[in-house]
Amino acid sequence: MQNFPGVGVSPGRVIGTVRQMPKPISEPPAGEQLAPGNTAEEATAALKAASQAVHDELKARAAHATGDGKAVLEATALMAKDTMLIKGAAKLVARGTSAERAIWESGSSVSEMLHNLGGYMAERATDVLDVRARIVAELRGVPAPGIPASTTPFVLVAEDLAPADTATLDPNKVLALVTSGGGPQSHTAIIARSLGLPAVVAAVGVDELPDGTEVYLDGAAGAVTSEPDESLRAAAEAWAATASLLAEFSGTGATADGHLVPLLANVGGGKDAEAAAQLGAQGVGLFRTEFCFLERDTEPSVEEQAVAYKKVFDAFPSKKVVLRTLDAGADKPLPFLTDSTEPNPALGVRGYRTDFTTPGVLDRQLEAIALAEKDSEADVWVMAPMISTAEEAARFASMCSDAGIKTPGVMVEVPSAALTAEAILREVGFASLGTNDLTQYAMAADRQLGPLANLNTPWQPAVLRLVGLTVEGSRAEGNNKPVGVCGEAAADPALAVVLTGLGVSTLSMTARSLAAVAAVLKTVTLDEAQQLAKLALSAPSATEARAWVREKLPVLEELGL
Ligand code: PEP
Ligand code: MG
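Note that the coordinates shown come from a computational prediction; the quantities given were computed from them, not determined experimentally. (Residues numbered from 1 in each chain as written. Chains lettered and ligands numbered in written order. Predicted model: local features only at pLDDT ≥ 70, side-chain atom pairs only at ≥ 80, totals over all residues. Heavy atoms only, no water.)

What follows concerns the overall build of the protein chain. Scanning the protein chain from N- to C-terminus turns up 22 helices and 16 strands. Against the globule reference of 24 Å for 561 residues, the protein chain gives a C-alpha radius of gyration of 25 Å, in line with a compact fold. Principal axes of the C-alpha set define a box for the protein chain whose edges measure 80 × 65 × 40 Å. Across the 561 residues of the protein chain, 57% fall into the buried class. Excluding contacts between residues fewer than 6 apart, the proportion of contacts in the protein chain whose partners are at least 24 apart in sequence is 68%. (Helix = DSSP H or I, 4+ residues; strand = E, 2+ residues; numbered from the N terminus. Rg over C-alpha atoms; globule rule 2.2 N^0.38 Å. Buried < 20%, exposed > 50% of the residue type's maximum accessible area, 1.4 Å probe, protein only. Contact = heavy atoms within 4.5 Å.)

On to helix α10 (residues 302-315). Along its 14 residues, α10 runs 20 Å from first to last C-alpha, staying within 8% of the 20 Å computed at 1.5 Å per residue. Here α10 has its buried residues at Val302, Gln305, Ala306, Ala308, Tyr309, Val312, Phe313 and Ala315. Where α10 is buried, its residues meet β9 (263-267), α9 (270-278), β10 (283-288), β11 (320-324), α12 (361-374) and β12 (379-384). (Expected span 1.5 Å × (residues − 1).)

This structure, assessed with the given rule, holds 24 salt bridges. Two residues, arginine 19 and aspartate 211, come together in a salt bridge whose shortest N-O distance is 3.7 Å. One end of the pair, arginine 19, is in strand β3 (residues 13-20); the other, aspartate 211, is in the loop between β6 (199-201) and β7 (214-218), and 192 residues separate them in sequence. Classification of aspartate 211 by relative accessible area gives partly exposed; the value is 45%. When salt bridges that share partners are traced, they join Glu290, Arg324, Asp327, Asp331, Lys332, Arg350, Asp437 and Arg447 into one network. (Salt bridge = Lys/Arg side-chain N within 4 Å of Asp/Glu carboxyl O.)

Attention shifts here to α12. Look at α12: 20 Å from first C-alpha to last across 14 residues, which is about the 20 Å you get at 1.5 Å a residue. Of the positions making up α12, those classed as buried are Val361, Leu362, Gln365, Leu366, Ala368, Ile369, Ala370, Ala372 and Glu373. Packing partners of the buried residues in α12 comprise α10, β11, α11 (354-357), β12 and α13 (390-403).

The subject of this paragraph is the site of ligand 1. Surveying the vicinity of ligand 1 reveals 15 residues, the closest of which are Arg288, Arg324, Lys332, Asn436 and Arg447. Here an oxygen atom of ligand 1 sits 3.3 Å away from a polar atom, N or O, in the main chain of glycine 434. Contact distances for ligand 1 include 3.0 Å between an oxygen atom and a side-chain N or O atom of aspartate 437. Protein coverage of the free-state accessible area of ligand 1, which is 290 Å², stands at 100%. Mapped onto the shell around ligand 1, the elements with two or more residues apiece are β10 and α16 (435-443). At three residues, the largest contribution of residues to the shell around ligand 1 is made by α16. Across the shell around ligand 1, the residue classes break down as three nonpolar, four polar and eight charged. (Near = heavy atom within 4 Å. Polar contact = N/O pair within 3.5 Å; in protein donor to acceptor, adjacent residues only side chain to side chain. Areas by Shrake-Rupley, 256 points an atom, 1.4 Å probe, with all protein chains shown as cover. Nonpolar A, V, L, I, M, F, W, Y, C, P; charged D, E, K, R; others polar.)

On the surface, Glu303, Asp363, Glu367 and Asp402 cluster together into a negatively charged patch. Residue placement: glutamate 367 occurs in helix α12. Judged by relative accessible area, glutamate 367 falls into the partly exposed class, the value being 45%. (Patch = residues over 30% accessible without salt bridge, like charges linked within 9 Å, V, L, I, M, F, W, Y side chains within 5 Å. Lys, Arg positive; Asp, Glu negative; His and termini not counted. Charge placed at Lys NZ, Arg CZ, Asp CG, Glu CD.)

A word on the environment of threonine 338. With respect to the helices and strands, the residue threonine 338 is situated in the loop between β11 and α11. Taking the C-alpha atoms as reference points, threonine 338 and leucine 279, 59 residues apart in sequence, are found 35 Å from one another. When residues no more than four places from it in sequence are discounted, the contact partners of threonine 338 are Ala328, Gly329, Pro333 and Val349. Of the polar contacts made by the side chain of threonine 338, one reaches the backbone oxygen of leucine 334; its length is 2.7 Å.

Scanning all chains against the criterion turns up three cavities of 30 Å³ or more. Put simply, the largest cavity is a space of about 100 Å³. Considering the residues around the largest cavity, the lining is formed by 16 residues, among which Lys320, Phe430, Ala431, Gly484 and Thr506 are closest to the centre. The set of elements that each furnish at least two residues to the lining of the largest cavity consists of β11, β14 (430-433), β15 (483-485) and β16 (506-509). Taken together, the residues that form the lining of the largest cavity break down as nine nonpolar, six polar and one charged. (1 Å grid on protein atoms, 1.4 Å probe; cavity = no way out; pocket = protein on both sides within 12 Å on 5 of 7 lines; lining within 4 Å. Points joined across faces, edges and corners; volume = space filled by probe spheres on them.)

What follows deals with the nonpolar core. Core analysis: the biggest nonpolar cluster contains 100 residues, and Leu263, Tyr309 and Leu507 have the highest contact counts within it. Apart from the residues lying within four places of it in its own chain, the contact partners of leucine 263 are Phe249, Gly253, Ala281, Gln282, Gly283, Leu507, Met509, Leu514, Val517, Ala518 and Leu521. One finds Leu47, Leu58, Met79 and Ile86 within the second-largest nonpolar core, a separate group that totals 32 residues. (Core = buried A, V, L, I, M, F, W, Y, C linked by side-chain atoms within 4.5 Å.)

As a further point, take the coordination of the magnesium ion (ligand 2). Protein coordination at the magnesium ion (ligand 2) comes from Glu413 (OE) and Asp437 (OD), with a distance range of 2.0 Å. Separated by 24 residues along the polypeptide, glutamate 413 in the loop between β13 (407-412) and α14 (415-419) and aspartate 437 in helix α16 bring together distant segments of the chain. Both residues of the pair, glutamate 413 and aspartate 437, count as buried. (Donors = N, O, S within 2.8 Å, 3.2 Å for Na, K, Ca; no water.)

Put into structure tokens, the structure is as follows:
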């Protein structure tokens, strides 16, 4: 047995065999020529065979996929045999360029051309780049990039995952996720929780594990162990039995003494919202609207946006739906809003700030939201991400009012917003704490970096203090505005108790975590939650804050959380 300690980000104890996510394909050197003895005819034949093989493989995967994943795979399969792509490469080969370099260059030209065409065509530009990498991998005889295909379930090991990987991640095949990089607020963590997959991030050394190695993983404890013994097998079996108990949420979040804490869902679009409604979510606490348009090169029209937003509203008639305006930038770039050359994107023009450089997009989004709300029954609240000052909050509130939006709010993700919450909340109707970014900015630690995972946890007493300050500001005389939490912290059942004790009014999380959070919350009274919040605030470190609180919540161990 060998241990690979990491940071647990999504609970569950499972055993499975490792499949490594292949490394990205490196660019063949510029000017690379045909190898001596390799004729242009042979190289062209190899190229065509590789393109056919890539097409066939993607087509076969599409046959077993469903929904978005199927559509992505089918579109990519077609692109693998695209005449312009293959003819362009064959021409270069005829002039002596190596097959790998030729397909690389041809891929660049086709992608650029599609990009310049704009609209639907521009969205295919990234498919071409994916296909060219797959053809190069085939020519080199190395595994294709992306999530590996497999007929049997496996534990996916990667450096980190991107939001776009979700489309091809089949939760029926992937038992659990382990990454060597990434932090607790990274996209791997968010993806794992939304799919209900156990996950450990920042587990140094896991990339060395050969495919097929058997591992045990505990997504609450943050442990990965290769070649597990009998006791770990028993732990995985016991989890399988408890997991079913955590699948059901009654639909009302409350402490043992009946203090209500509505448990809401974080969603990225209509499908998520429908699934969240099925799982009993009491509303939506965060609709990440940028997730509807991640692949878009151009701004979606007002009508198109309204259709996407209405799908979410319709999943929650007469319930609260908190929609966040586009949070483009940093880890979620949107080509029509973000400048990819910024030297420090996390501190750059992201979220609400894109209105400084691309005015009009936010106004049109607010128009689309108002349009979608008009014939929907949801109680729609709208908040801006990355608000830093009371002036910005006031301006956003006035933009909302101009658009006819009744309940404007802000996300508190920048420490300055937490520190000036009282003034900010005089301008808007509510705040929602985005603890993922609040942690990254309070600790000056990029949320995507594995080596900073221990800094990058919302258990940091500094972060908890910022949460406390925000609540205090919201309760200042004459203010009395609700403050929720919609960062990943809300999905950690022990932290959910602490946040309740700190005074937040709602908790919003991936719908899969609702049952676990509700099960733990109902074991404490509000007074006990307040005591646990004090305990966490008094801890000298994040590790101790977490350990001290967990020790007082034996239900966590009972439920394997
Ligand atoms: C957050 O920062 O906590 C948040 C909810 O927003 P996102 O994770 O989308 O940046
Ligand atoms: Mg954020």
